[in-house]
Amino acid sequence: MALLTKHRGALLILMFNLLLVFSGIGLVIPIMPKFMESLGITGGILGLMVAAFSLTQLLCSPLAGRLADSFGRKRMIVIGMIVFACSEGLFGLASSPTLLFVSRMLGGISAALIMPAIMAYAADITTQEERAAGMGYITAAITTGFIIGPGIGGYIAEFGIRVPFYAAAAAGIFAACLTLLILRESLSSKENISDTAPNAVERRGLLSQLRYSYREPYFLSLIIVFVMSFGLANFETVFGLFVDQKFGFEPKDIAFIITFGSIAGAVVQVTAFSWILKRLGEQRVISLCLFFAGLFILMTLFVHQFWMIFAVTFIVFLAIDILRPAISTQMSMQAKDQQGYVAGLNSAFTSLGNIAGPIAAGFLFDLDVSYPYMLACLTLFISLVLSLRGKKRSLQDAHTAS
């Protein structure tokens, strides 16, 4: 991994930015019940709030992907981190659901700016052989953010319920300055699309990109991303509320399950993800992860003892942590010279699932705590069927070509 060693500093900065962003997202997990109680937020409103984040990410992701290709990855990352800091600061100041919605929408904009640029940057500094390892490191930073976010939020909240968000805002400004001063742009001047005639596909707006995406070789992967994101959003949006109402879990119990599962996922991503992908291939890994995630989400409805619940949710989180970089790696391999554009489409389809999923989960949760998990299981198994069909089609195409 000589190239990864050569660009270790850049990779560390990318990981640090993602660590902060997803730590900021994770901060809210142990604190949200108090916000819900003090502001009168129901499960439906919570779902709409999560969807607002994803809606703005959806609207901005394709444009952000093109901007990352046109004006450079570094610039988009710096701007995204500044917007992230504003989002966290506003969440800390919010005294009404309206301001919380505005804060989450700013958070969606920041995610749209940061994610495609970082994914494209990682693709720029890695070869195809190193791509899986690079994506594994990037996703491990995301997972680690989720690991430490709830813990940091719970600890800093001892000084005040809003202090964690002010701390996240300050950290975002620091990361933006660090990126601006140290990170080098990964695009050379000859690669900068702003200096050349843009490709026709790059000129399309959001609706056109989504409309014509069926023509792309990675369209089935995009459909799987959407359905998978819908199902996972059902699981993740109401996880804390589900175990709280059904099993009476305390915040420390929820934090323990999330932390342990996330640590395992991060370890696998850094140490074994590349080996797993080379051993089994992206398609098989995706199918297996979808199967186990769907199966163990279904099992969550039938277990009652703490350690059984812990074991089942641990498998779900581990499958999710392997599944996401596997799909990103598969699409990156198909993207060729349109890394930023495809990363933007990936984020857009993820956002579509993350818009519909939380809304459905929130309102279904208000009806019955088990309904969101039933729907999550169903949609993940639909993703599995699509994945298996895609594998069959790939084998048929390879047979025809031979």
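The rules behind these values
- Counting from 1, residues in each chain are numbered in the order their sequence is written.
- The predicted nature of this model means local features are confined to residues of pLDDT at least 70 and side-chain atom pairs, given and counted, to a pLDDT of 80 or more, with totals for whole chains, interfaces and linings taken over all residues.
- Excluding hydrogens and water, the side-chain values take into account all heavy atoms of the structure.
- Helix and strand assignments come from DSSP, with helices taken as H or I runs of at least 4 residues and strands as E runs of at least 2, each series counted from the N terminus.
- Any two residues whose heavy atoms approach within 4.5 Å are treated as being in contact.
- Accessibility throughout is a Shrake-Rupley quantity obtained with a 1.4 Å probe, and a residue counts as covered only by protein chains that appear here.
- Put simply, a nonpolar core is a bunch of buried Ala, Val, Leu, Ile, Met, Phe, Trp, Tyr and Cys residues held in one set by side-chain atoms that sit within 4.5 Å of each other.
- Burial classes follow relative accessibility: with a 1.4 Å probe on protein chains only, a residue under 20% of its type's maximum area counts as buried, one over 50% as exposed, and anything between as partly exposed.
- Note on aromatic contacts: the rings of Phe and Tyr and the six-membered ring of Trp form a pair at centre separations within 6.5 Å, being stacked when their planes are under 30 degrees apart, edge-to-face when over 60 apart, and tilted otherwise.
- Predictor confidence is given residue by residue as pLDDT, running from a minimum of 0 to a maximum of 100.
- Inter-axis angles, ranging from 0 to 180 degrees, are taken between N-to-C directions of lines fitted to C-alpha atoms, where helices are fitted over the stretch in contact.
- For this classification, under 35 degrees means roughly parallel, over 145 means roughly antiparallel, 65 to 115 means roughly perpendicular, and everything else is oblique.
- With the far helix as reference, a near helix turned anticlockwise by less than a right angle produces a left-handed crossing, and one turned clockwise produces a right-handed crossing.

With respect to the overall build of the protein
Argument step 1. Within the protein, the secondary structure is distributed over 18 helices and 0 strands.
Argument step 2. Put simply, 87% of the contacts in the protein that link residues at least 6 apart link residues at least 24 apart.
Argument step 3. Accessible area of the protein: about 17300 Å², with a carbon and sulfur share of 66%.

Some words on the nonpolar core
Argument step 1. Ranked by internal contacts, the top residues of the largest apolar core, which has 74 residues, are Met32, Phe235, Phe239, Leu290, Ile297, Ile327 and Tyr373.
Argument step 2. Looking at this core element by element, the count peaks at 14 residues for helix α16 (residues 306-335).
Argument step 3. With sequence-adjacent residues up to four places away left out, Met32 is seen in contact with Ile41, Leu46 and Met49.
Argument step 4. Ranked by size, the runner-up nonpolar core spans 34 residues in total, among them Phe22, Met119, Met135 and Ile138.

Brief notes about the packing of aromatic side chains
Argument step 1. Within this structure, the stated rule accounts for 9 aromatic pairs.
Argument step 2. For the pair Phe292 and Phe296, a centre-to-centre distance of 6.4 Å together with 35 degrees between the ring planes defines the contact as tilted. Placement of both Phe292 and Phe296 in helix α15 (residues 282-300) is noted, with a separation of 4 residues, approximately one turn of the helix.
Argument step 3. A relative accessible area of 16% means that Phe296 is categorised as buried.
Argument step 4. When the ring of Phe310 is compared with that of Phe314, the centres are 6.3 Å apart and the planes differ by 25 degrees; the resulting orientation is stacked.

Some points on the confidence of the model for the protein
Interpretation of the predicted coordinates at a detailed level should be avoided for regions scoring low in pLDDT.
Argument step 1. Summarising the model, the protein shows a mean pLDDT of 78, and 82% of its residues fall at 70 or more.
Argument step 2. In the model of the protein, helix α9 (residues 200-203) stands out as the element of lowest mean pLDDT, 45, in contrast to helix α5 (residues 73-93), which has the highest, 92.
Argument step 3. Under a pLDDT of 50 for its full length, residues 189-203 has, in the predicted model, 21 contacts with residues more than four places off or in other chains.

A look at the packing of helix α2 (residues 8-26) against α5
Argument step 1. Following both chains from N to C, one finds α2 and α5 inclined at 20 degrees, their axes separated by 11 Å at the closest point. In terms of axis orientation, α2 runs roughly parallel to α5. In this structure, α2 meets α5 at a crossing whose hand is left-handed. Together, Leu14, Asn17, Leu20, Val21 and Gly24 of α2 and Ile77, Met81, Phe84 and Glu88 of α5 make up the contact between the two elements.

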